[in-house]
Amino acid sequence: MAKTKAFLQKHRWSLTGALLGALVFLILYGVRVLDPTCVDWILNNASPDPAQHYLGWVFYRRSGWHLPYLGANYSAIYPYRTSILYTDSIPLLAVLGKLLGGVLPARFQYLGLWGLFCYAMQGGLAQALIARVGGVRPGDTAKNWASVLGAGVLVLFPALNIRMFAHTALAANWLVLLALWLWLCAEQSENRPTAAKLCLWWGILGLLCAGIHLYYLPMVGMVLVAACVQRALEKRGPAAVVLPVASFCGAALAELFVLGAFAANFAGYSNGYLSGADLANLFVPGLGASWEQEIYAGLGTTIAVVLALVWLLVQHKQAGAFFRRHKNVVIAALVLLVLDAIAAMGNTVTFAGRTLFTVPIPQALMDFWAMFSSCARLAWLAGMLLAVAACGLVLRFWQGAAAAVLLALCAAAQGFGQRAELAKRFAAYHDAAYYENTTQLTDTAWEQLAASGQFTHLAFASFDFEHDEFWDLAAFAADHGWTSNSFYMGHMDGNLAAVTLAGEMNALAPDTLYAFVDEDALARNDFALHYYRLDGVLLGSVEPIDGLTEESADTAPAHTMTLEKSSVINGTADADGVVLSSGGELLTEAWMLFPGNYRVTLTGSGFDHSYIYARHGLINQETYKMDVNFTGIAPDEMVFEFSTGEPLYYWRTAVHALDDTPLTITAIKVEKLG
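Throughout, residues of each chain are indexed from 1 in the direction in which the sequence is written. Where totals are concerned, whole chains, interfaces and linings use all residues; where local detail is concerned, this predicted model gives features only for residues with pLDDT of at least 70, and gives and counts side-chain atom pairs only at 80 or more. Side-chain metrics rest on all non-hydrogen atoms present in the structure, leaving aside hydrogens and water.

Trainee: An account of the overall build of the protein chain is needed here, citing residue identities and associated values.
Mentor: Numbering goes from the N terminus for both helices and strands, where a helix is a DSSP run of H or I of at least four residues and a strand is a run of E of at least two. Within the protein chain, the regular secondary structure consists of 22 helices and 20 strands. A globule of 674 residues ought to have a C-alpha radius of gyration of about 26 Å, and the protein chain, at 28 Å, matches this closely. Projecting the C-alpha coordinates of the protein chain onto the three principal axes gives extents of approximately 85 × 65 × 50 Å. Note on classification: 1.4 Å probe, protein chains only; a residue is buried when its accessible area is under 20% of the maximum for its type, exposed when over 50%, partly exposed between these limits. A burial count over the protein chain gives 54% of its 674 residues as buried. Here the globule rule is a power law, 2.2 Å times the number of residues to the power 0.38, and the radius of gyration is based on C-alpha atoms.

Trainee: Describe the pairing of strand 9 (residues 537-541), listing the residues and the values that go with them.
Mentor: Across the five residues that make up strand 9, a large majority, five, are buried. At least two DSSP bridges between two strands are needed for those strands to be called paired. With three bridges connecting them, strand 7 (residues 512-516) and strand 9 associate as antiparallel partners. Following the sheet pairing, A515 is matched in strand 9 by L539. The pairing of strand 8 (residues 530-534) with strand 9 spans five bridges and is antiparallel. By the bridge assignment for strand 9, H530 is matched with S541. Linkage of strand 8 to strand 9, two consecutive antiparallel strands, is achieved through a turn of two residues, within which D535 is found at a positive phi near 50°.

Trainee: How would you sum up the side chain of S486? Please name residues and give values.
Mentor: Mapped onto the fold, S486 is located in the loop between strand 6 (483-484) and helix 22 (494-504). You can call S486 buried: its relative accessible area is 1%. By the convention used here, residues are in contact when the closest approach between their heavy atoms is within 4.5 Å. Setting aside anything within four residues of it in sequence, one finds S486 in contact with A76, I77, F460, F463, F470 and L501.

Trainee: Can you break down the packing of aromatic side chains residue by residue, with the values?
Mentor: When two rings of Phe, Tyr or Trp (its six-membered ring) have centres within 6.5 Å they constitute a pair, described as stacked for plane angles under 30 degrees, edge-to-face for angles over 60, and tilted for the intermediate range. Inspection of the entire model under this criterion finds 42 aromatic pairs. With 5.9 Å between their ring centres and 85° between their planes, Y434 and Y435 make a pair best called edge-to-face. By the burial criterion, Y434 is buried, and Y435 matches it. Between the aromatic rings of Y598 and F642, the centroid separation amounts to 5.4 Å while the plane-to-plane angle is 20°, which identifies the pairing as stacked. One end of the pair, Y598, is in strand 14 (residues 596-605); the other, F642, is in strand 18 (residues 637-644), and 44 residues separate them in sequence. Summarising the burial analysis for this pair, Y598 and F642 share the class buried. Grouped by ring-pair contacts, the aromatic residues F25, Y29, W41, Y119, F165, Y429, Y434 and Y435 constitute a single cluster.

Trainee: How would you sum up helix 22? Please name residues and give values.
Mentor: All buried positions along helix 22 are accounted for by G494, N495, A497, A498, T500, L501 and A502. Looking at the buried positions of helix 22, the neighbouring elements they touch are strand 5 (457-460), strand 13 (591-593) and strand 19 (648-657). Polar contacts, as used here, are pairs of N or O atoms within 3.5 Å; protein pairs need one atom able to donate a hydrogen and one able to accept it. Residues neighboring in sequence count only if both atoms are side-chain atoms. One side-chain oxygen at the N-terminal end of helix 22 lies 3.3 Å from the backbone nitrogen of N495; it belongs to D493.

Trainee: Explain a nonpolar patch on the surface residue by residue, including any values.
Mentor: Taken together, the side chains of W65, L67, L70, L96, L99, L100 and V103 make up a nonpolar region of the molecular surface, amounting to roughly 740 Å² of accessible area. Position of L70 relative to the elements: it lies in the loop between helix 4 (49-62) and strand 1 (72-73). Excluding any residue in a salt bridge, patches collect residues exceeding 30% relative accessible area, merging like charges within 9 Å and nonpolar Val, Leu, Ile, Met, Phe, Trp and Tyr side chains within 5 Å. We get accessible surface area from the Shrake-Rupley algorithm with a probe of 1.4 Å; when it comes to residues, only the shown protein chains can shield them. Salt bridges are defined as contacts in which a side-chain nitrogen from Lys or Arg sits within 4 Å of a carboxyl oxygen from Asp or Glu.

Trainee: How would you explain the environment of A195 if you had to name every residue and give the values?
Mentor: Among the secondary structure elements, A195 is positioned in helix 10 (residues 195-212). Residues A195 and R236, spaced 41 residues apart in sequence, show a C-alpha to C-alpha distance of 9.7 Å.

Trainee: Mind laying out helix 7 (residues 141-155), listing which residues take part and the relevant values?
Mentor: Because each turn of an α-helix spans 3.6 residues, side chains separated by three or four positions in sequence point in the same direction. Taking 1.5 Å per residue as the helical rise, helix 7 with its 15 residues ought to reach 21 Å, and the 21 Å between its terminal C-alpha atoms agrees with that figure. Across the 15 residues that make up helix 7, a large majority, eleven, are buried. What helix 7 keeps buried is the set K143, N144, A146, S147, V148, G150, A151, G152, V153, L154 and V155. The span one expects for a helix is its residue count, reduced by one, times 1.5 Å.

Trainee: Quick rundown of the nonpolar core? Include the residues and the values.
Mentor: The nonpolar side chains of soluble globular proteins are, as a tendency, buried together. Counting residues in each nonpolar core, the largest one holds 217 residues, and the members touching the most others are W41, L154, W183, W202, W651 and I665. Sorting elements by how many residues they give to this core places helix 17 (residues 380-397) first, with 13 residues. In contact with W651, other than residues within four places in its own chain, are M561, E589, A590, W591, L593, V600, A614, R615, H616, M626, F642 and V670. To define a nonpolar core, start from buried Ala, Val, Leu, Ile, Met, Phe, Trp, Tyr and Cys residues and group those joined through side-chain atoms within 4.5 Å.

Trainee: Any details on the pairing of strand 15 (residues 610-616)? Residues and values, ideally.
Mentor: Counted residue by residue, strand 15 has five buried out of seven residues, so it is predominantly covered. Pairing analysis gives six bridges linking strand 15 to strand 19, with the strands arranged antiparallel. Considered in strand 19, the bridge of Y611 is made with H656. With two bridges connecting them, strand 15 and strand 16 (residues 624-625) associate as antiparallel partners.

Trainee: Talk me through the sheet that holds strand 7; I want residue IDs and the actual numbers.
Mentor: Pairing is mixed across the open sheet formed by five strands, whose spatial order is 6-5-7-9-8. Of all strands in the sheet, those bounded by a partner on one side alone are strand 6 and strand 8. The strands touched by helix 21 (residues 468-479) are strand 5, strand 6, strand 7 and strand 9; relative to strand 5, the strand with the most contacts, the crossing angle is about 165°. In this analysis, axes come from line fits to C-alpha atoms, helices being fitted only over the stretch in contact, and the angle between any two N-to-C directions falls in the range 0 to 180 degrees.

Trainee: Go over the packing of helix 2 (residues 12-29) against helix 19 (residues 419-429) with me, naming the residues and quoting the values.
Mentor: Working note: a packed helix pair is described by the angle between its axes plus the distance between those axes. At a closest axis distance of 7 Å, the pairing of helix 2 and helix 19 adopts a crossing angle of 65°. The orientation of helix 2 with respect to helix 19, classified from their angle, is roughly perpendicular. For the pair helix 2 and helix 19, the contacting residues are I27, L28 and Y29 in the first and L422, R425, F426 and Y429 in the second. In what follows, roughly perpendicular refers to angles from 65 to 115 degrees, roughly parallel to angles under 35, roughly antiparallel to angles over 145, and oblique to any angle outside these ranges.

Trainee: Tell me about the pattern of salt bridges, and name the residues and values.
Mentor: As enumerated under the stated definition, the model contains twelve salt bridges in all. For D40, the salt bridge is made with R107, and the minimal N-O distance between the two is 3.8 Å. Taken together, the residues D40 in helix 3 (residues 40-43) and R107 in the loop between helix 5 (91-99) and helix 6 (111-133) connect sequence positions 67 residues apart. For D479, the salt bridge identified is with R107, shortest N-O distance 2.9 Å. In this pair, D479 is assigned in helix 21 and R107 in the loop between helix 5 and helix 6, connecting sequence segments 372 residues apart. The class for D479 is partly exposed, based on a relative accessible area of 25%. In the salt-bridge network here, residues are joined through shared partners; they are D40, R107 and D479.

Trainee: So, the environment of A474: which residues are in play, and what are the values?
Mentor: The topology assignment puts A474 in helix 21. By relative accessible area, which is 0% here, A474 ends up buried. As for A474 and D464, which are separated by ten residues in sequence, their C-alpha atoms are 12 Å apart. What A474 contacts, discounting residues up to four positions off in sequence, is L55, F59, L458 and F460.

Trainee: Could you give an account of unusual backbone geometry, naming the residues involved and the relevant values?
Mentor: For the peptide bond that leads from L67 to P68, omega is 5°, which places it in the cis range. With respect to the helices and strands, the residue P68 is situated in the loop between helix 4 and strand 1. The residue after Y78, namely P79, is reached through a cis peptide bond having omega 5°. By the element assignment, P79 lies in the loop between strand 1 and strand 2 (82-83). Positive phi, close to 50°, is recorded for D535, a residue that is not glycine. Examined against the element boundaries, D535 turns out to sit in the loop between strand 8 and strand 9. Residue Y650 is not a glycine yet carries a positive backbone phi of 55°.

These figures come from the coordinates and say nothing about function on their own.
Structure representation (structure tokens):
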């Protein structure tokens, strides 16, 4: 009891910061997300990512253990092996949950509790760091409260709020703060740790990064490099410089091996491209070319940086003396910022919305770098470091009450700048309807199928996880302990998956329920299956299914493309169709077509001023333009036919406007003639 009291007394301000983080989480997301048996809110998310994270864990939980790969998952893309690492399911928690699977409820999720933990850690570590940079003493109550208010800037850090329950593993920004704490707090203490302790601490950080999300490996690794630079400047010996790096890398690599990272099928380790950051976006919102490239550090961070710079300019003599006393840390921090800037920008340097230049790099370096293709995320490190440093300097050089007011202003500004996003999340997660079961699979026959024992495997005819039905079907299979042949993973080799799934249709199995989602229904007459339709989903079985009425075969199966999913240039797309203006182009959603004869009918207006063709080809490989035969040509309807003896992967139809005449496409129907 005495030890507990002493611990609470010693860390009371960090615990207050953690309490602030937890309070912000509960205000934003409520308490229902903390119920480990409540999963519908995850499956109801508009983004498919949370469903991937949760269902990846469920499939992994049902999969058997196969040494030496404790993280191997044989259920998600059966019979092939993948890893819990590639479903972004927070591998450390997934492995722990699987070990405890016998005592956990049938439906169990840990994402809600993980979110609360992330916010609490963010607040606690942010307070500790700001207080350290600010030179706050334990008995200085006013400045300690100011450090807690400053922690609000990090609790409301945009990357944390935007990623939470969207790409939940990437909400572990506290890993970066923990690395900064280990460098700026633990290693700067009067009783410096030995080389052995440094190896232990950085090794644990390597395990945490590899077991939560791979993008934290380079971010935390760069903090370790900065710490090593400082140790080298202080001439603390080769062991203090080299051994922690070896410990960090060795621990991470060993864990990745055990998790099956290097033995997973369909894992594309390199995407072959870099989505770099515009570093001006750290302080100017909206400069990110995409959601993945948005690195804005927040209005509160910007205000804190401005306040710190103003003080440095006004009190330049005092500032100079301060930096001279801490020159080794300052040099190491500058090295860290430069490294992070290079890693985050990629080889195409963009600033303030303008591309300045592109640096040609060797293919080997590109292949390695592109493992972290969304490299803009790495700039979160710079944003958090600047926020900590700026808030700490405000705290150090203003009086307690003034510092508290200024840091409270920064925290309030940080929230105000994100008010629309925060309000949207508050509304969604406090809406009772968000926690209701909204699956499209409502027919009671689904439970009859699960209870019959006839099926143990769900097979999709083609690889396409963009359909709403996909996630409902995957959830059905996972909940009932079935395996599935298709799932989505990070860095997935979509080409290999597409070819493999289509090839699996050549060997039909009686224990498999086949799902023909959307365009796959065109191929129904190609396979000797008994067909049924439940909740609009076409299902196939080798053997008849008792209690269900078979659906008669279509003479010419047909399906209409979803025009809203088209890629449109110089035009608009909505539920009523696509309108192209001068120079407009339409490229439809991608389909997988099985061998056969097809007819495509486009309806609309202005087709006498258009150019229409069909194409196919695997991702990042050669695209083939098809030879088609137009059998109907009219301003309001165009019809063409084609034949293929091989599967067509990522097949699309393209429409180009040839002049200023308005061009409208209201429907594109595809029929399989035989």
